[in-house]
Amino acid sequence: MYDLTGFQRDLLYVLAGLDSPHGLAVKDELETYYGGEINHGRLYPNLDTLVEKGLVQKGKRDERTNTYELTRRGRMEIEDRRAWEEQYLEFSID
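J.: Just to check I follow, could you spell out helix α3 (residues 40–52) for this structure?
T.: A turn of α-helix holds 3.6 residues, and therefore any two residues three or four places apart point the same way. The end-to-end C-alpha separation of α3 is 18 Å, in line with the 18 Å expected for 13 residues at 1.5 Å each. Within the span of α3, buried status applies to Leu43, Asn46, Leu47 and Leu50. Angularly, the buried residues of α3 cover 105° about the axis, an arc narrow enough to put them on a single face. Summarising the geometry of α3, the exposed residues directed more than 90 degrees from the buried face are Gly41 and Glu52. In this structure, the buried side of α3 is in contact with α1 (6–17), α2 (23–34), β1 (56–60) and β2 (66–70). Sitting at the head of α3, Asn39 places a side-chain oxygen 3.1 Å from the backbone nitrogen of Gly41. Just past α3, the residue Gly54 takes up positive phi, approximately 80°.

In structure tokens, the structure reads:
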């Protein structure tokens, strides 16, 4: 996960918390978190990068709608990242 941008890590975390979301659901979650608009030109290329890295699987809901979900590797990367973060934080997030 060291080679991902902060935005890409946020995408992984959102995908981990949603059940096979489509792109607009991910966009809505991030816009709420960031407090501003996320344009398609930022969202979809970053999702595609995560797919290319094997962290996310892309599926089809219908002709126009793609779904995204973490792969096993994507989940492991999040678990490893959280373990790494916890060694430097004096509090835990439960």
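J.: Would you mind going over the pattern of salt bridges with me for this structure?
T.: As a working rule, side chains carrying opposite charge can pair if their charged atoms are close by. The tally for this structure, following the rule as stated, stands at 5 salt bridges. The partner of Glu31 in a salt bridge is Lys27, and the shortest N-O contact between them spans 2.6 Å. Taken together, the residues span about one helical turn, with Glu31 and Lys27 both in helix α2 at a distance of 4 residues. A residue is classified by how much of its surface remains accessible, and Lys27, at 10% relative accessible area, is buried. Ionic pairing is found between Arg81 and Glu85, a salt bridge with its closest N-O pair at 3.1 Å.

J.: Explain the packing of α1 against α2 here, please?
T.: Axes are the key here: two packed helices are described by the angle between their axes and the distance separating the axes. Viewed as axis vectors pointing N to C, α1 and α2 meet at an angle of 120°, and their least axial separation amounts to 10 Å. In this structure, α1 crosses over α2, and the sense of that crossing is right-handed. Of α2, the residues touching α1 (which contributes Phe7, Asp10, Leu11, Val14 and Leu15) are Val26, Glu29, Leu30, Tyr33 and Tyr34.

J.: For this particular structure, what's the right way to read the nonpolar core?
T.: In globular proteins that are soluble, nonpolar side chains generally tend to be buried together. Counting 18 residues, the largest nonpolar core has Leu11, Leu12, Leu30 and Val56 as its most contacted members. Counting only elements with at least two residues in this core, the list comes to α1, α2, α3 and β2. At 5 residues, α1 tops the list of elements feeding residues into this core. Excluding its chain neighbours within four sequence positions, the residues that come into contact with Val56 are Leu12, Leu15, Leu50, Val51, Tyr68, Glu69, Leu70 and Thr71.

J.: What is the right way to look at the packing of aromatic side chains in this model?
T.: Aromatic ring pairs are defined here through the distance separating the ring centres and the angle between the ring planes. Evaluated as defined, the whole model comprises 3 aromatic pairs. Pairing Phe7 with Tyr34 gives two aromatic rings, centres 6.1 Å apart and planes at 20°, and the pair type is stacked. Taken together, the positions of Phe7 in helix α1 and Tyr34 in helix α2 put the pair 27 residues apart, joining distant regions of the chain. Phe7 gets classed as buried once you look at its relative accessible area, which sits at 6%. On the basis of relative accessible area, Tyr34 is assigned to the partly exposed category, the value being 35%. A connected cluster of aromatic rings, assembled from ring pairs, spans Phe7, Tyr33 and Tyr34. Against the face of Phe7 rests Arg42, its NZ or CZ located 3.9 Å from the ring centre. Against the face of Tyr34 rests Arg42, its NZ or CZ located 5.9 Å from the ring centre.

Cut-offs applied
Residues numbered from 1 in each chain as written. Predicted model: local features only at pLDDT ≥ 70, side-chain atom pairs only at ≥ 80, totals over all residues. Heavy atoms only, no water. Helix = DSSP H or I, 4+ residues; strand = E, 2+ residues; numbered from the N terminus. Expected span 1.5 Å × (residues − 1). Buried < 20%, exposed > 50% of the residue type's maximum accessible area, 1.4 Å probe, protein only. Arc of directions from axis to C-beta. Contact = heavy atoms within 4.5 Å. Polar contact = N/O pair within 3.5 Å; in protein donor to acceptor, adjacent residues only side chain to side chain. Salt bridge = Lys/Arg side-chain N within 4 Å of Asp/Glu carboxyl O. Axes fitted to C-alpha atoms, helices over the stretch in contact; angles between N-to-C directions. Left-handed = near helix turned anticlockwise from the far one by under 90°. Core = buried A, V, L, I, M, F, W, Y, C linked by side-chain atoms within 4.5 Å. Phe/Tyr/Trp six-rings, centres within 6.5 Å; stacked < 30°, edge-to-face > 60°. Lys NZ or Arg CZ within 6 Å of the ring centre and 35° of its normal.

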